[in-house]
Amino acid sequence: MKLDKRVLREAGNVRQYLFIVAGLGTIAGLLVVSQAYLLSQVVNGAFLVGSTISQLWPLLVGLLVVFVGRSLISWASEIVGNRAAEQVKGNLRKSLYQRLLQLGPGYTRGERSGELTNTLTSGVEALDGYFSQYLPQMFLTVIIPLMVLVATFATDLLSGIVLLLTAPILPFFMALVGWAAEAKAKQQFKSLSLLSAHFLDVLQGLPTLKLLGRSQAQTEIIGRISERFRKTTMSVLQVAFLSSLVMELGATLSTAIIAVEIGLRLLYSQISFEAAFFVLLLAPEFYLPIRALGTKYHAGMAGSGASKRIADILDTPLPNDNTLPVTQVPSKTGPQIIRFEGVSFRYPNQEQLTLENITFEIKPGQKVALVGPTGSGKSTLASVLLRFNEPYAGQIWQNDNPITLWSAAGWRKNVAVVPQNPYLFNKSVADNIRLAKPEATLEEVVQAARLANAHEFILGLPQGYNTLIGERGARLSGGQAQRLSLARAFLKNTPLLILDEATSNLDFENQALIMEATRLLMLDRTTLIITHRLSTVRDADQIFVLENGRIVDFGNHAALLQTEGVYQDLLGVRSEVRGVAQ
Amino acid sequence: MKNTLLRLLGLVVPFKGWIALAILLGVATVGSGVGLLTTSAYLISAAALHPSVAVLSVAIVGVRFFGITRGIFRYLERYVSHMVTFKLLARLRVWFYQAVEPLAPARLLEKNYHSGNLLGRVVSDIETLQEFYVRVLAPPLVAVVVGVVLWFWFGAYEATLALTFLTFFILAGVGVPVLAYILSRKLGQDIISQRSELAVEIVDGIQGMADLLAFGQEHQQAARIEKLNRQLLKLQRRQAWVKGLQESLGNILMNLAAWSMFIIASGLVRDNKLEPIYLAPILLATLASFEAVLPLPLAMQNLSSCLEAARRLFELVDAKPAVVSPANPLPLPNNYSLSVKNLSFAYQSDQPLVLNNLSFELSQGHTLAIVGTSGVGKSTIVNLLLRFWDYNQGQILLGGQELRDYSPDDLHKIISVISQTTHLFNTSIRENILLARPAATQDEIESAARQAQIHNFIQSLPQGYDTRIGEQGLRLSGGERQRLAIARAILKDAPILILDEATSNLDALTEHEVLLALEKFQQGRTTLIITHRPVELEKVDEILVLKGVAQC
């Protein structure tokens, strides 16, 4: 079981802690031997020599010192192990998030976000066991048995040989029985988590099951699946537990062999009682660290599994090189022309181009709409303009400058986005709007909210602008979230605007309010609109129809409606229905 | 808390035979360790007095015996205790499911309003409880038995020996865990809340990354995460401090016990109350017996997390069902007309009305659309029609009879619902459709899928109808999911159809396809359409517009 090298490197210098652990382990080993020695001396004194307690007192005080010493050492080891883990976890969490920021939303969005969150929280936490438990125990497992072995050899050759012979047998059998079984056990634990997933699935689907009249039948199914799982698991565990059987048997049988061997030699006076008792006390100490390693194995395993995932993230190649300073920012004043010139884009690990040779221009203050079926590349195009993704070929120009003249972060200061699903943070409403401008005063925030038609509903919330949003606070409807997002864009006040419009979940009222605010926002701004909505398309100066990453048609609404093609397919259905409803 | 513990124990009671066996094996394992060291020490002590070999033979047999039994008992103990764990797991799942099934969905949703994660927590709570036996119940019981056995043994020599042993044994087994618990209780809570705060910021930082980057706030977020990260680590540092203290205390108590026992036993030897040959065995027996108490601090921590988990589960399970099935339910009607009269409803008595004095008629075979902005109670109407909740003001009549007089289970047989929340299970497509009618043939399934415009898509999948849906398998788009739900409804063939925002999440093209599929199916069925958009409203007999409370 090994930790990924990359993770170790990123973890920084934990070597200093490991040296301390090794040093503490050496002292612990010395104390183990001293304790056995002192105990054998006092027992010998009281049992055979007939010493009184007062005669033994110096030895007994010595024992007390050793006890305290051992406890302090074990306490210190725990603390040092934790420091090592702390350093690793702290550094990794930081560099993981930095890496994710560099990889950008293209990498973190969607299905992956839950798993990434998990890696940053419990994945990093899983390394704790490896660094604070498993690794220190590894050192102890090497150091202490070695010192015990030396002490035993020095006292009694034969017992030393017994220990020496059994020592490699233990790990050998462990390996033989253990690894195969361990792999199976791991598989079994995986199916245990599948079983949990099934149970969760059933609970989530309970209303559906009820409607279909199948909910009571599930009781029996849950019971049956759990029972079947138990049977198969137990048959696997039968084998998996063999490793602990071997472990225990090895340790206790060798202790028993040594006890009988020295007992018989003691009978024939080939060894002294104190030496025999000393060896008997040492024998269990010899196996103890090896057995303890077994119990900490799982803690280590979890860490090793997590480290692979962490290394994967750290090793994901970065899509673009953000070396330019953020301080250089495109001028916010003056007309803005945006020009796409032969822009192509391909996602990593995909053969097909998502955008192919896109060329178009948005004149200052113009509104250009992009329409196209799901998967046609509309959102990718917006992400390229936002520099979440770098084009594979081609260039985007602002006036006469390629936008790569600035760093991605610098460029983004020039652009405001109203995304399809604006993310609301677990913060107050005001702070959510302030995302666009952290230093904004409350007046500015309110002003932006007013422009976005959000002021009214915000005042209706329990604590107005201070209402918390999210799990611990108010839940906003899709339309309300959209209006907060518009408020952000008003507050940011940039000459360039990207609207990625949500297609659904908006009711009449919200829709009207949003349309009004959106029109206001687009005034005098160079705007790229990604839309399904007829009302916005109709207002656009130019419409580009995207299909399979290519521009297949363009023109204004009236012209496009006349030509047969994707545009009609996309909007024809809707306009018919809308005509009826209106 | 006491009550929770008793109820928790009640869940374990059916396995008392197995548990007794597992504990016996646990005691035997520790006992073998004690026995091995004790007989070994006795063997050496006896040998030092140079008797005949015959005198030693009993001790030698003892040493060999315990040397072998320890491993075997450990093996059997692990086997049996895992068996108990899995039996407990199966029982907990069935128990919880049976208790919660009558409560769904009303009581589950009510508790759910703040966190979408309730069910996920239920599953992990049950996973915590599955360890209740191995990690909480077994360690103290084994320790008690071991303590009592040694108490009797040492008591046979001299009362002070037994008392000294017991004092240290209890100090290590009860004192240290309680001390560690007191020292770490607040710390543990702080760590949990700090950790969840960090998780919230990380979720914000990952899911909200596009917004953060777009507004140039990524470094501020990174700084916030880093700050919470360091705070959490600082708390964990203190936790390690307590953990180290607790382990050190356990060890020093074990050693001090052996030390004190030795001094007392030496005194007894001097006074000729104890044969000197027992000195070494007593010393080693004391050391070995502490194996039983060293895991107790951990058991104490596990106890509190188990009680927390159990308390949450009991709280859920203890809710009264929102709906009671009538004692003598009416037989299902022949006429599927719906009539709502002066209906008012609030989810809880202290909450505002969601529906106020609502009335409408929907005659058999006709289609009615209910339109309104979000939050005006459209879905509430569906919940009431399905009898997920019960109304108490006004009337809902089905076939002229009060809806409350039918049993909910019967009602579900005659109503099909297609909604955004239709759940697809993590199993094959076939099984998902079959849920509607387990006895359906393949032909019937395919015909339903054809009508729902999804057959060709299914055929195009590598394993066709046997393709698995969900995490491990196929990811379906919104339109595909919706059409599978429609296939299900078609197979179910119920006379009443409710379309609850059935096409809201679809893009225009897909929506069109789905609407086509539905159109045919609607014919002849009493249909209620719930929507906030006008798109679906072409083939509707009547439209009802809901506008907030106190309307219609």
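Because the structure is predicted, anything quoted here is derived from the model rather than measured.

About the criteria used
- One numbering rule holds for all chains: residues counted from 1, following each sequence as written.
- Chain letters start at A and ligand numbers start at 1, both assigned in the order the entries are written.
- Selection of residues for local features in this predicted model requires a pLDDT of at least 70, selection of side-chain atom pairs for listing and counting requires 80 or more, and totals for whole chains, interfaces and linings are taken over all residues.
- Numbered from the N terminus, helices here are DSSP runs of H or I no shorter than four residues, and strands are runs of E no shorter than two.
- We take the radius of gyration over the C-alpha atoms and set the globule estimate at 2.2 Å times the residue count to the 0.38 power.
- Every C-beta atom is placed from the backbone, and the number of other C-beta atoms within 10 Å of a residue's own sets its class: buried at 20 or more, exposed at 12 or fewer, partly exposed in between.
- What counts as a contact is two residues whose backbone-derived C-beta atoms lie within 7 Å of each other.
- Expected span of a helix, by definition, is 1.5 Å for each gap between consecutive residues, and there is one gap fewer than residues.
- At least two DSSP bridges between two strands are required for those strands to pair.
- pLDDT is defined as a per-residue confidence score from the predictor, taking values between 0 and 100.
- The residue classification treats Ala, Val, Leu, Ile, Met, Phe, Trp, Tyr, Cys and Pro as nonpolar and Asp, Glu, Lys and Arg as charged. All others, Gly included, are polar.

Some points on the overall build of chain B
Next, step 1: Check the secondary structure of chain B and you find 18 helices and 9 strands.
Next, step 2: Relative to the globule expectation of 24 Å for 552 residues, the C-alpha radius of gyration of chain B, 34 Å, shows a markedly less compact shape.
Next, step 3: Oriented by its inertia axes, the alpha-carbon framework of chain B measures out at about 110 × 55 × 50 Å.
Next, step 4: Among the 552 residues that make up chain B, the fraction classed as buried is 47%.
Next, step 5: Considering only residue pairs separated by 6 or more positions, chain B has 79% of its internal contacts joining residues 24 or more positions apart.

A look at the overall build of chain A
Next, step 1: Tallying secondary structure elements over chain A gives 20 helices and 10 strands in all.
Next, step 2: A sequence separation of at least 24 residues applies to 79% of the contacts in chain A between residues at least 6 apart.

Overview of helix α11 (residues 296–317) of chain B
Next, step 1: Its 22 residues give α11 of chain B an end-to-end C-alpha distance of 30 Å, which sits within 8% of 32 Å, the value for a rise of 1.5 Å per residue.
Next, step 2: Of the residues making up α11 of chain B, those classed as buried are Leu296, Pro297, Ala299, Met300, Gln301, Leu303, Cys306, Ala309, Ala310 and Leu313 of chain B.

Here we look at the pairing of strand β6 (residues 415–419) of chain B
All names here are of chain B.
Next, step 1: The buried fraction of β6 amounts to 5 of the 5 residues, a majority that puts the element mostly inside the structure.
Next, step 2: Going residue by residue along β6, you find Ile415, Val417 and Ser419 tucked away on one face and Ser416 and Ile418 tucked away on the opposite face as well.
Next, step 3: For β6 and strand β7 (residues 496–500), the ladder comprises 5 bridges, and the chain directions are parallel. For Ile418, the partnering residue across the bridge sits in β7 and is Leu499.

Side note on the confidence of the model for chain B
When pLDDT drops low, the exact placement of atoms in the prediction is not to be read closely.
Residues and elements named next belong to chain B.
Next, step 1: Looking at chain B, pLDDT values average 87 and 93% of them are 70 or higher.
Next, step 2: For residues 112–116, every residue scores under 50 in pLDDT, and the model assigns this stretch 3 contacts once sequence neighbours within four places are set aside.
Next, step 3: Both scores are given for the predicted complex: the pTM is 0.82, the ipTM 0.84.

A closer look at the interface of chain A and chain B
Next, step 1: Listed as interface residues are 119 residues of chain A and, on the opposing side, 118 residues of chain B.
Next, step 2: With 21 residues, the single largest contributor to the side of chain A that touches chain B is helix α3 (residues 53–103) of chain A.
Next, step 3: Here the side of chain A that touches chain B is built from residues that sort into 61 nonpolar, 36 polar and 22 charged.

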